[in-house]
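Architecture and fold: a report
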Amino acid sequence: MSFPTRDEEINIQRSKFLAPSPSMQLVAPCSYGNGILAVSDDEREYYRSVFLENQCAVSFFIPASGAGSRMFDFLHEYLKDPESQNLTNVERFLRNVKQFAFSEKIAPEILQSFQNGTLKINEFLRYLLFKEGLNLSSSPKGLIPFHTSNTMLLNPVQEYLLQGEKLRGREKHFHFTVQQEYLKHFEESIAFLENVMNLKFSYSFSFQDPNSDSYSFRSDGSLFTDESGNPLMRPSGHGALLENVSLLKNGIIFIKNIDNIQHLNKSLDSVEALEFLGGLLLEIKQMTLEVFNNPTERALKMLNERYQLIFPDQLSFFSTEDGIRKLLQRPLRVCGMVENEGQPGGGPFWLKSKGVISKQIVEKAQIASNEEQMDIMMRSTHFNPVFMALDPTDFNGKRYDLQEFVDQEMYFKVNKSVNGNSIGYIEKPGLWNGSMAHWNTVFVELPSSVFSPVKSILDLLDKAHLAD
C-alpha cells in the first residue's frame, strides 16, 4: 500500500478544505421497528444471561485525552468580563462549591477566606482554575475528581475501572487514550486506586498518532504556518483513534466517553447495560454466522427482520450467496441509544450515500440546513450517548483491517481562530461516524439513566452524580 507524499497530502487536504462540506442525505430517523430494536424486559434479561454465561474477555476503550477547560467556560467568561455575563451559573457554582468532590482539595485557609469574604470571588476562581492553585482548567477531564465514595475522591478514570470490575468472572482490560504529557499522572492515579482498594487492573494507554494531524489553511487555501515557517498542525479528531482501537486484542470492545460516568452508587444501570449490549452482540454474531454458513435470501430476510441490519428495500441487493456473505463479513457493532431529550450531538439515522441506504450515527453539524433535512432531523426520537459494544473480528476470530470499512468522504471541516488568525482544517471521519460507516450496525434503546455526561462542572450537581 503506497502512502501520499507530504505535498500530495497537503493538496488532498486543501482540496477538501476548499470544497463544500460533505453532504449527508438523511432518508429517515431511526425509530422503533425502523432501525432501533424494541426489546422487552424479558429479552433484555435473556441477552444479559448470554453475556454472563459466555465469560468472554472484554476490553474497554475510553477516549480520555480531553482537557477539562470547557467544563469551566462560564467561569472563564466571568473572569474576562464579569459585567457582561449572566451571573446565574457563577452564583450557582459558588454557592455549591463545597458540594463538588474537588472541594476536598481546596486548602482550608483558602476556603475559609472565601467564605468570610477576605478572599474575593475573582481571586478564588483563579485559585481553582489556574496553576497557582488547583489548576482544574488545565487538567485532563479524566483526572478531575467527580465524586466522593466512602470519603475517597474518585476521578472518571478510577470510576471506570471500578465500574468495569463489576462485570463478573471474566478477563477485563482497560485502554485509555491520553495526552502524552499527562501519562505519568494517569499512571499515578490508577496506582493509587490499586493500592487503596487492594486491586490489580489490566490497563494500557495510547496516544493519538501525531502523524494523523491535519494541515491548517487560510480561507484562500494557502497553507498556514507558524513563526518559524513550519505548517501549523492540528489534531484530526477522534476518528484518528481508529488505529488505537485496532491495538486491542479482546473480541468484545466496549466504548464509552470519559465524562459519561455516574456516581459509583448509581452505576448498576450502566453495568447491566454493558452486559445487555455484550450479550446482544454475541447473539447477533452467532445468528449471522449461521446465515453466513447457509446464505439464502429467506435466512437473510429473517435475520434482518429480527435485527434490522439493512434497509428492507435493499434486501434484493444481496440475493446471491457471495453477496450475502460479503454483507455479513464485516465488523459488528451494537450501539445503545437513549430517548432524545434535546441533548447536543449525534443521533441514529438512515443515510443514503452512493445509492446505498445504511444506518449511521450522524452529528447535527453534518446535516444540511435545508427544510427537508431539518424536518427529518427534528423527527428523530433518539440520541447517541456513545455506549457501544464492538466485535472487530471475522467468523474465524481474525481481526479485520478496520481502515477498509471507513467512509473517507464523511470528514469534518473545522474553523478556528489562532492568535487572531482565522484558520480551517480537516478532521477525519468520526470514530463512531464515518470511521465505522461500513460496519454491520444494530441500534437498541438504553435507559436514560446511563447517560449523565459532565460537559459543564455544574452537571455534577445533577442527581446521577450525587451519592444518594
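Before reading on, note that the structure itself is shown above.
This write-up is about the structure you can find in this document.

Here the focus is helix α7 (residues 156–164). Burial of α7 is extensive: 9 of the 9 residues sit out of reach of the surface. Among the residues of α7, the N-terminal cap falls to Asn 155, whose side-chain oxygen and the backbone nitrogen of Val 157 are separated by 3.2 Å.

The next thing to look at is the environment of Gly 347. In this structure, Gly 347 sits in strand β13 (residues 347–353). Here the alpha-carbon distance between Gly 347 and Asp 42, two residues 305 residues apart in the chain, equals 26 Å. Ignoring anything within four residues of it in the chain, the contact list for Gly 347 reads Gln 360, Ile 361, Val 362, His 382, Phe 383 and Asn 384.

According to the stated counting rule, one finds 19 aromatic pairs in the structure shown. Between Phe 74 and Phe 93, the ring centres sit 6.2 Å apart and the planes meet at 75°, which makes this aromatic pair edge-to-face. On the criterion of sequence distance, the pair formed by Phe 74 in helix α3 (residues 73–80) and Phe 93 in helix α4 (residues 88–95) is long-range, its members being 19 residues apart. Accessibility expressed as a relative area gives 1% for Phe 93, which makes it buried. One aromatic cluster is present, built from ring pairs that chain together Phe 51, Phe 60, Phe 174, Phe 201 and Phe 254.

Another aspect to go through is the pattern of salt bridges. In this structure the tally under the stated criterion is 13 salt bridges. Note that Arg 168 is salt-bridged to Glu 275, the shortest N-O span being 4.0 Å. Taken together, the residues span a long stretch of sequence, with Arg 168 in the loop between α7 and β7 (172–177) and Glu 275 in helix α10 (residues 268–293) at a distance of 107 residues. Residue classification places Arg 168 among the exposed residues on the basis of a relative accessible area of 52%.

Sheet strands line up and pair through hydrogen bonds in the backbone, either parallel or antiparallel. With antiparallel pairing, 3 strands are arranged side by side in an open sheet as β1-β13-β14. Single-partner strands in this sheet number two, and they are β1 (25–29) and β14 (356–362). The sheet shows a mean angle of 40° between the axes of neighbouring strands, taken without regard to direction. The pairing of β13 with β14 spans 7 bridges and is classified as antiparallel. Directly across from Leu 351, in β14, lies its bridge partner Ser 358. This element, helix α13 (residues 371–378), spans β1 and β13 of the sheet and lies at about 30° to β1.

Before going further, it helps to spend a moment on the pairing of strand β8 (residues 203–206). In this structure, β7 lies alongside β8, joined through 4 bridges in parallel fashion. Across the sheet, Phe 176 pairs through a bridge with Phe 205, a residue of β8. Traced from β7 through helix α8 (residues 183–197) to β8, the parallel crossover comes out right-handed.

A few words on helix α2 (residues 41–54). Counted at 1.5 Å a residue, the expected span for α2 with its 14 residues is 20 Å, and the 20 Å between its end C-alpha atoms agrees. If you check which residues of α2 are buried, you get Arg 44, Tyr 47, Arg 48, Val 50 and Phe 51. Buried positions in α2, seen along its axis, are confined to an arc of 150° and lie on one side of it. Opposite the packed face of α2, turned more than 90 degrees from it, sit the exposed residues Asp 41, Asp 42 and Glu 53. Where the residues of α2 are buried, they touch β4 (58–63), β11 (252–256), α10, α11 (297–307) and β19 (440–445). One or two positions beyond α2, positive phi appears at Gln 55, with a value near 60°.

A word on a nonpolar patch on the surface. On the surface, Phe 192, Val 196, Met 197 and Leu 199 cluster together into a nonpolar patch covering about 340 Å² of accessible area. In this structure, Leu 199 sits in the loop between α8 and β8.

Conventions and cut-offs
Residues numbered from 1 in each chain as written. Predicted model: local features only at pLDDT ≥ 70, side-chain atom pairs only at ≥ 80, totals over all residues. Heavy atoms only, no water. Buried < 20%, exposed > 50% of the residue type's maximum accessible area, 1.4 Å probe, protein only. Helix = DSSP H or I, 4+ residues; strand = E, 2+ residues; numbered from the N terminus. Polar contact = N/O pair within 3.5 Å; in protein donor to acceptor, adjacent residues only side chain to side chain. Contact = heavy atoms within 4.5 Å. Phe/Tyr/Trp six-rings, centres within 6.5 Å; stacked < 30°, edge-to-face > 60°. Salt bridge = Lys/Arg side-chain N within 4 Å of Asp/Glu carboxyl O. Pairing = 2+ DSSP bridges. Axes fitted to C-alpha atoms, helices over the stretch in contact; angles between N-to-C directions. Right-handed = clockwise from strand over helix to strand, strands pointing away. Expected span 1.5 Å × (residues − 1). Arc of directions from axis to C-beta. Patch = residues over 30% accessible without salt bridge, like charges linked within 9 Å, V, L, I, M, F, W, Y side chains within 5 Å. Areas by Shrake-Rupley, 256 points an atom, 1.4 Å probe, with all protein chains shown as cover.

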